[in-house]
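# Examining the three-dimensional arrangement
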Amino acid sequence: MKKVTLTIASILIAGILIAQDYTPPPSAETSFTKKYPTGVVDEWMDDETQIVCYFEDDGNYGRAFFSPKGKWISSEFSLSEDDLPANVLSGVQENYKGFEITGVTKREDTKQTVYEVGIYNNSTEQDLLITLNSNGEIVKEEDLNTED
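Predicted model, so just to flag it, every value in this text is computed and none were measured. (Residues numbered from 1 in each chain as written. Predicted model: local features only at pLDDT ≥ 70, side-chain atom pairs only at ≥ 80, totals over all residues. Heavy atoms only, no water.)

Of regular secondary structure, the protein chain possesses three helices and eight strands. Along the protein chain, helices and strands appear, N-terminal first, in the series α-α-β-β-β-β-α-β-β-β-β. Each of the 148 residues in the protein chain was classed as buried or not, and the buried ones make up 32%. Counting contacts in the protein chain only where the partners sit at least 6 residues apart, residues at least 24 apart contribute 30% of the total. Accessible area for the protein chain stands at about 9,900 Å²; split by element, carbon and sulfur atoms hold 51% of it. (Helix = DSSP H or I, 4+ residues; strand = E, 2+ residues; numbered from the N terminus. Buried < 20%, exposed > 50% of the residue type's maximum accessible area, 1.4 Å probe, protein only. Contact = heavy atoms within 4.5 Å. Areas by Shrake-Rupley, 256 points an atom, 1.4 Å probe, with all protein chains shown as cover.)

What follows is the structure, encoded as structure tokens:
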């Protein structure tokens, strides 16, 4: 058992060291700078299928995904309720009275921007994840209380 534990620990440490030493291709760095000129990179990683950049931009933390050749694919940000565009916030408030916002993720790719908003109703204990487009229209609703 001790040998297995040491082997697993060695693999994890090696993985961490490799991830810390990763330098993205210049094309990924250029794509990042073009997309997020004020973004501050925290870490670059290569997950074997795409390149991932963890960063902060305008007070929000995000991840940007790039192809192996450095082309931007998509990004996602953790936002506060205050960072939601007014029409998206209105879409939540008008359709989900009695709910409070528990979390917000902004996802963007080359085709669209959507906002995934976690909401909770304290009196009914209903927990939902709703997805709204940039116009504030609901495109998906998932009940987080139901089990798969």
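Next, the rest of the story.
With that settled, the discussion passes to unusual backbone geometry. Even without being glycine, E48 reaches a positive phi, approximately 80°. Structurally, E48 is set in the loop between β1 (40-46) and β2 (51-57). The residue D58 is not glycine, and still its phi comes out positive at about 55°. Along the chain, the position of D58 falls in the loop between β2 and β3 (60-66). Overall, D58 belongs to the exposed group, its relative accessible area being 71%.

The next subject is the side chain of S67. Relative to the elements of secondary structure, S67 occurs in the loop between β3 and β4 (72-79). Judged by relative accessible area, which is 17%, S67 ranks as buried. Beyond its immediate stretch of four places on either side in the chain, S67 contacts I51 and I73.

Now for a negative patch on the surface. Residues D42, E56, D58, E81, D82 and D83 make up a contiguous surface patch of negative charge. Considering the arrangement of structural elements, one finds D82 in the loop between β4 and α3 (86-95). For D82, a relative accessible area of 74% corresponds to the exposed category. (Patch = residues over 30% accessible without salt bridge, like charges linked within 9 Å, V, L, I, M, F, W, Y side chains within 5 Å. Salt bridge = Lys/Arg side-chain N within 4 Å of Asp/Glu carboxyl O. Lys, Arg positive; Asp, Glu negative; His and termini not counted. Charge placed at Lys NZ, Arg CZ, Asp CG, Glu CD.)

Moving on to the nonpolar core. With 25 residues, the main nonpolar core has F66, I101, V117, I119 and I130 as its most contacted residues. Contributing elements (two or more residues each) for this core: α2 (26-35), β2, β3, β4, α3, β5 (100-109), β6 (113-121) and β7 (126-133). In contact with I130, other than residues within four places in its own chain, are V92, Y96, Y115, E116, V117, I119, K140 and E141. (Core = buried A, V, L, I, M, F, W, Y, C linked by side-chain atoms within 4.5 Å.)

To continue, consider the sheet that holds strand β8 (residues 138-143). Pairing within the open sheet is antiparallel, and its eight strands lie in the order β1-β2-β3-β4-β5-β6-β7-β8. Two strands bound the open sheet, and with one partner strand each, they are β1 and β8. Sheet twist, expressed as the mean angle between neighbouring strand axes with direction ignored, is 20°. In the sheet, β4 pairs with β5 via six bridges, with the strands oriented antiparallel. Across the sheet, the residue bridging to S75 is E108, located in β5. With respect to the sheet, α2 is in contact with β1, β2, β3, β4 and β5, its orientation differing from that of β1 by roughly 145°. This element, α3, spans β5, β6, β7 and β8 of the sheet and lies at about 140° to β7. (Pairing = 2+ DSSP bridges. Axes fitted to C-alpha atoms, helices over the stretch in contact; angles between N-to-C directions.)

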